[in-house]
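Residue-level structural notes
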Amino acid sequence: MTTSADVDLDGLAARLDEAAVTGTPIPQLAEVHGIDVDAAYRLQQALIARRTGRGEHVVGVKMGLTSQAKMAQVGVDSPILGHLTDTTQVPDGGSVDITGLIHPRVEPEIAFLLDRPPTPGMPFTDAVRAVAPALEVIDSRYRDFTFSLPDVIADNTSAALFTIGQWQPVPDEVDNLGVLLDVDGHTVQTGSTAAILGDPRRALAAGIALAGRHGPALQGGWIFLAGAATAAVPLVPGAHVRATVQGLGTAGFTTTAGGTR
Ligand code: 0L1
Ligand code: MG
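To keep things clear, this report deals only with the structure shown in the data block. The structure displayed is predicted, hence computed values, not measured ones.

Conventions used here
Residue numbers here run from 1 along each chain, matching the order of that chain's written sequence. Labels follow written order: the first chain is A, the first ligand is 1, and so on. For this predicted model, a pLDDT threshold of at least 70 governs which residues receive local features, and a threshold of 80 or more governs which side-chain atom pairs are given and counted, while totals over whole chains, interfaces and linings are taken from all residues. Side-chain descriptors were evaluated using all non-hydrogen atoms of the structure, hydrogens and water having been removed beforehand. Residue proximity to a molecule or strand is established when one non-hydrogen atom of the residue lies within 4 Å of it. Whenever two N or O atoms come within 3.5 Å, that pair is a polar contact, provided that in protein one can donate a hydrogen and the other can accept it, and provided that, for residues adjacent in sequence, both atoms are side-chain atoms. By the criteria applied, helices consist of DSSP H or I runs no shorter than four residues and strands consist of E runs no shorter than two, each listed in order from the N terminus. Three categories are distinguished: nonpolar for Ala, Val, Leu, Ile, Met, Phe, Trp, Tyr, Cys and Pro, charged for Asp, Glu, Lys and Arg, and polar for the others, with Gly belonging to the last. Note: metal donors comprise N, O and S atoms at 2.8 Å or less from the metal (3.2 Å for Na, K and Ca); water molecules are not included, so apparent gaps in a site are possible. Relative accessibility thresholds used throughout: buried, under 20% of the residue-type maximum; exposed, over 50%; partly exposed, between the two (1.4 Å probe, protein chains only). Definition used for salt bridges: Asp or Glu carboxyl oxygen within 4 Å of a side-chain nitrogen of Lys or Arg. Pairing of aromatic rings covers Phe, Tyr and the six-membered ring of Trp, with a centre-to-centre limit of 6.5 Å; geometry is then stacked below 30 degrees between planes, edge-to-face above 60, and tilted otherwise. Any Lys NZ or Arg CZ found within 6 Å of a ring centre and within 35 degrees of that ring's normal is scored as a charge over the ring. Multiplying 1.5 Å by the residue count of a helix minus one yields the expected span of that helix. What the arc describes is the spread of directions from the helix axis to the C-beta atoms.

Some words on the site of ligand 1
- In the vicinity of ligand 1 lie 14 residues, with Lys62, Leu65, Lys70, Glu136 and Ser158 positioned nearest.
- One of the side-chain nitrogen or oxygen atoms of Lys62 is found 2.7 Å away from an oxygen atom of ligand 1.
- At a separation of 2.9 Å, an oxygen atom of ligand 1 approaches a polar side-chain atom of Glu136.
- Contributing elements (two or more residues each) for the shell around ligand 1: strand S1 (58–64), helix H4 (68–74) and strand S5 (128–138).
- For the shell around ligand 1, the element with the most residues is S1, which contributes three residues.
- Taken together, the residues of the shell around ligand 1 sort by class into seven nonpolar, three polar and four charged.

Here is the structure:
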């Protein structure tokens, strides 16, 4: 097996990028190429550099695998950090064509609007300007939605699409808000923000630590998607999807098999 020092990270980033662009799943990369967690974050940076080179802009970051339900669903047990870009944001109430995705799933989340570059130990209300309900669509570029920890990190933590509801003033408590995921008017998942590392503020602290170690440098005005409050559910065209977070309102979109956002 080659070591990560020998690996062509740009070449592997190109394979992951092409898988996403063409909607074609690929075999896992990490074990065969000796990619460890550190190299996987460098590979993720190379992938994002390809996309920003095409004109995408990074608008924030996302935490992944922040709940026991999600960790159990994919068999990986460590929180991870990915990038959010402008072209993957679906407006609240908008519609989005998902036919180019491979095996999309959707999950309800809570989002923070960063007020300034956060530092370790900064009080939550200094770091965060506003809070919103959110939806994330994840779509692993690997066959059968199976991967190791380095694989999923390299694949930008399966990030595909996201929607942010109306930003709200930071509430006194964010650690035990009820969360619903509705599809076509039926509640398909229920949870609590407590499922997000026990308290989504811990997800921010974990994200600050991961960003400090692996990048990117977090910026004021960026979105911080803190993680899912429930397991993710498969997403099909023609679905009306809505997340509700207690006291914060809703975020929603409709999926199509054609048309634009
Ligand atoms: O946002 C997430 O929690 C997803 C992280 C990657 C694991 C997955 O694809 O389910
Ligand atoms: Mg997520």
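Notes on the coordination of the magnesium ion (ligand 2)
- The coordination sphere of the magnesium ion (ligand 2) contains the protein donors Glu107 (OE), Glu109 (OE) and Glu136 (OE), at a distance range of 1.9 to 2.0 Å.
- All donors of the magnesium ion (ligand 2) belong to a single chain; written as a sequence motif, their spacing is E-x1-E-x26-E. Here Glu136 lies in strand S5 and Glu107 lies in strand S4 (residues 105–114), a separation of 29 residues in the sequence. Here Glu107 matches Glu136 in class, with each residue buried.

Considering the pattern of salt bridges
- Under the counting rule described, the total for this entry stands at 10 salt bridges.
- One salt bridge in this structure joins Asp115 and Arg129, with 2.9 Å as the shortest N-O distance. In this pair, Asp115 sits in the loop between S4 and helix H5 (124–127) while Arg129 sits in strand S5, placing the two residues 14 residues apart along the sequence.
- On the basis of relative accessible area, Arg129 is assigned to the partly exposed category, the value being 44%.
- Linked by salt bridges that have partners in common, Asp17, Arg50 and Arg54 make up one network.

Some details on the packing of aromatic side chains
- For the coordinates displayed, the defined rule picks out four aromatic pairs.
- Pairing Phe112 with Phe124 gives two aromatic rings, centres 5.0 Å apart and planes at 80°, and the pair type is edge-to-face. In this pair, Phe112 sits in strand S4 while Phe124 sits in helix H5, placing the two residues 12 residues apart along the sequence.
- Ring geometry for Phe112 and Phe224: centres 6.2 Å apart, planes at 10°, overall stacked. In this pair, Phe112 is assigned in strand S4 and Phe224 in strand S9 (residues 223–228), connecting sequence segments 112 residues apart.
- Of the aromatic side chains, those joined through ring pairs into one cluster are Phe112, Phe124 and Phe224.
- The ring of Phe145 carries the charged tip of Arg105 above its face, separated from the ring centre by 3.7 Å.

Remarks on unusual backbone geometry
- Following Gly215, the chain continues to Pro216 via a peptide bond in cis, the omega torsion being 0°.
- With phi around 55°, Phe145 is a residue other than glycine that occupies positive phi space.
- As for its position among the elements, Phe145 is in the loop between S5 and helix H6 (149–154).
- With a phi close to 50°, Asn156 is a non-glycine residue in the positive phi region.
- Along the chain, Asn156 turns up in the loop between H6 and strand S6 (159–164).
- For Asn156, a relative accessible area of 1% gives the class buried.

Let's talk about helix H1 (residues 9–22)
- Over its 14 residues, H1 extends 20 Å from the first C-alpha to the last, a length consistent with the 20 Å expected when each residue adds 1.5 Å.
- Looking only at H1, the buried set comprises Leu9, Leu12, Ala13, Leu16, Asp17 and Ala19. Projected down its long axis, H1 carries its buried residues within an arc of 155°, all on one side. For H1, the exposed residues set more than 90 degrees away from the buried face come down to Asp10, Glu18 and Val21.
- Its side-chain oxygen 3.3 Å from the backbone nitrogen of Asp10, Asp8 forms the N-cap of H1.
- A positive backbone phi angle near 65° is found at Gly23, which sits one or two residues after H1.

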